[in-house]
There are 2 protein chains.
Amino acid sequence: MSSTRRIGAEDSESRAALLDAAERLILTDGYAAVTSRKVAAEAGLKPQLVHYYFRTMDELFVELFRRRAEDGLVRQAQVLESPRPLRALWEFSNQPTGSAFAMEFAALANHRKDIRAEIGRFAEALRAQQLEIMTEVFERYAVDVTSYPAVTLLVLMTSVSRLLVMEERLGMSTGHAETRALVERLIDQFEPS
Amino acid sequence: MSSTRRIGAEDSESRAALLDAAERLILTDGYAAVTSRKVAAEAGLKPQLVHYYFRTMDELFVELFRRRAEDGLVRQAQVLESPRPLRALWEFSNQPTGSAFAMEFAALANHRKDIRAEIGRFAEALRAQQLEIMTEVFERYAVDVTSYPAVTLLVLMTSVSRLLVMEERLGMSTGHAETRALVERLIDQFEPS
DNA sequence: GTCTATACTTCGATAGAC
DNA sequence: GTCTATCGAAGTATAGAC
């Protein structure tokens, strides 16, 4: 089954350059543009090197995702420790690169089973971390959690920021300003600016 | 510039079969699986036929999108004429195939400029149609549109249904039931079930 | 440990046969 | 009007040279 082919060291410069190149490509041109040849060209290296450092393209994708995911967990933890966690989370969710990255991987996962599991697991971990902090925050703000559970706010904020980013990439704008304003007003109730 | 190659008739059976096959493929395996060879195999035809009926693969994608888009506009118009338009729109937005289709094309548009324009234009038309009806409905229900403009409800409902479908495909579920319940309660305020 | 020569597969597209 | 033979480019992956 598993090939005996040798694989390059994890701390190699070329390996890091390939991952960086793949990350740029997936953000600008989408995951379908992440081919061994294009990644190598973007990194200024030979195409065969991709398969020296990564057994398969799926392996490269998983590595790419893990790198970002771990970084995301750390940065989100910092964000949620801020004095205005609701506002901080909203601003964090609205970063275009984060949303774009999440969407590309969701689309990718759709037809690569090995990657799907990896992504689903991480996304749940991310939400669990958010939920832990948000539950505490809701308690502090004395929110009626029977009517408005903390987790619903998370889903709502993620939903809205994700859709707005996606639509803006398509050149859409109808209702965006109004919806952003609504969310800001909602946050203002708990965390006046 | 433009090739002199001949193109098959628009009402050809083979052409329709190819479009149907492409639609099945994009829904099950994602847009990256929509290649000339796979489409032909799925339709039980020779791969070269794809390029007889469609100059390029992009042209096939645009045709595929238009066909669904026009159908979507018609069906949405019917939905919004129902006695409970809010509820009807929510149920309409929650159909998994519609969301899946929208997501695949959003991802596709990300790295095919010709397709992006086509999709953006249609999506705005869809929202404009929703907005027209929703504005009327909000007036009927005497909603305070200064605080809650009709368009924000549209964006919110679309956001949530889209994210839930996407996450479910990744095997996620945290917060889904709670969020659905919240939306249902909100709709119940205006349209008791 | 690092990289290259090379094989094999699939892709989009065209010109020309029926 | 409908379909097929065929090409050149691009894709993944491996075995072997440095």
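Each chain has its residues counted from 1, running along the sequence as written. Here chains are named by letter from A upward and ligands by number from 1 upward, in the order in which they appear as written. Per-residue local features of the predicted model are confined to residues with pLDDT of at least 70, and side-chain atom pairs are confined, for both listing and counting, to 80 or more; whole-chain, interface and lining totals are unaffected and use all residues. To get the side-chain values, all heavy atoms of the structure are used, and hydrogens and water are removed first.

The next point concerns the overall build of chain A. On a plain count of helices and strands, chain A comes out with nine helices and zero strands. Think of it this way: any DSSP run of H or I at least four residues long counts as a helix, any run of E at least two long counts as a strand, and we number them from the N terminus. Counting from the amino terminus, chain A carries its helices and strands in the arrangement α-α-α-α-α-α-α-α-α. Each residue is assigned to one of three classes by its accessible area relative to the maximum for its type, calculated with a 1.4 Å probe on protein chains only: buried under 20%, partly exposed between the two thresholds, exposed over 50%. The buried share of chain A, taken over its 193 residues, is 46%. Residues count as neighbours in contact if any of their non-hydrogen atoms are within 4.5 Å of one another. Pairs at least 24 apart in sequence give 69% of the contacts found in chain A among residues at least 6 apart. Methods summary: accessible areas were calculated by the Shrake-Rupley approach with a probe of 1.4 Å, and residue burial reflects only the protein chains presented. Looking at chain A as shown, the accessible area adds up to about 9,600 Å², and 53% of this sits on carbon and sulfur atoms. His is not counted here, nor are the chain ends, while Lys and Arg score as positive and Asp and Glu score as negative. Here the site of a charge means NZ on Lys, CZ on Arg, CG on Asp, or CD on Glu. Of note, chain A has its 24 positive side-chain charges centred 7 Å away from the centre of its 28 negative side-chain charges.

What follows deals with the domain arrangement of chain A. Residues and elements named next belong to chain A. As assigned here, chain A comprises domain 1 (1–55) and domain 2 (58–190). Where each domain begins and ends follows an automated or database-derived domain assignment. Averaged C-alpha coordinates put domain 1 and domain 2 at centres separated by 28 Å. Between domain 1 and domain 2, the residue contacts involve 15 residues of the former and 16 residues of the latter. Throughout, buried area stands for the accessible area (probe radius 1.4 Å) lost by two parts on being put together, summed over both. Note on domain 1 versus domain 2: buried area summed over both sides is about 1,500 Å², and carbon and sulfur give 65% of it. As a salt-bridge pair, E23 and R67 come within 3.3 Å of each other at their nearest N and O atoms. By the criterion applied in these results, polar contacts are pairs of N or O atoms within 3.5 Å in which, for protein atoms, one can donate a hydrogen and the other can accept it, and in which residues neighboring in sequence qualify only through two side-chain atoms. Our count for the domain 1 to domain 2 interface comes out at six residue pairs in polar contact (both at pLDDT 80 or more). Those elements that place two or more of their residues in the side of domain 1 that touches domain 2 are α1 (13–29) and α3 (48–53). Sort the elements by how many residues they give to the side of domain 1 that touches domain 2 and α1 lands first, with eight residues. The residue inventory of the side of domain 1 that touches domain 2, partitioned by class, reads 10 nonpolar, one polar and four charged. Salt bridges are defined by distance alone: a side-chain nitrogen of Lys or Arg within 4 Å of a carboxyl oxygen of Asp or Glu. Charged means Asp, Glu, Lys or Arg here, nonpolar means Ala, Val, Leu, Ile, Met, Phe, Trp, Tyr, Cys or Pro, and polar covers whatever is left, Gly included.

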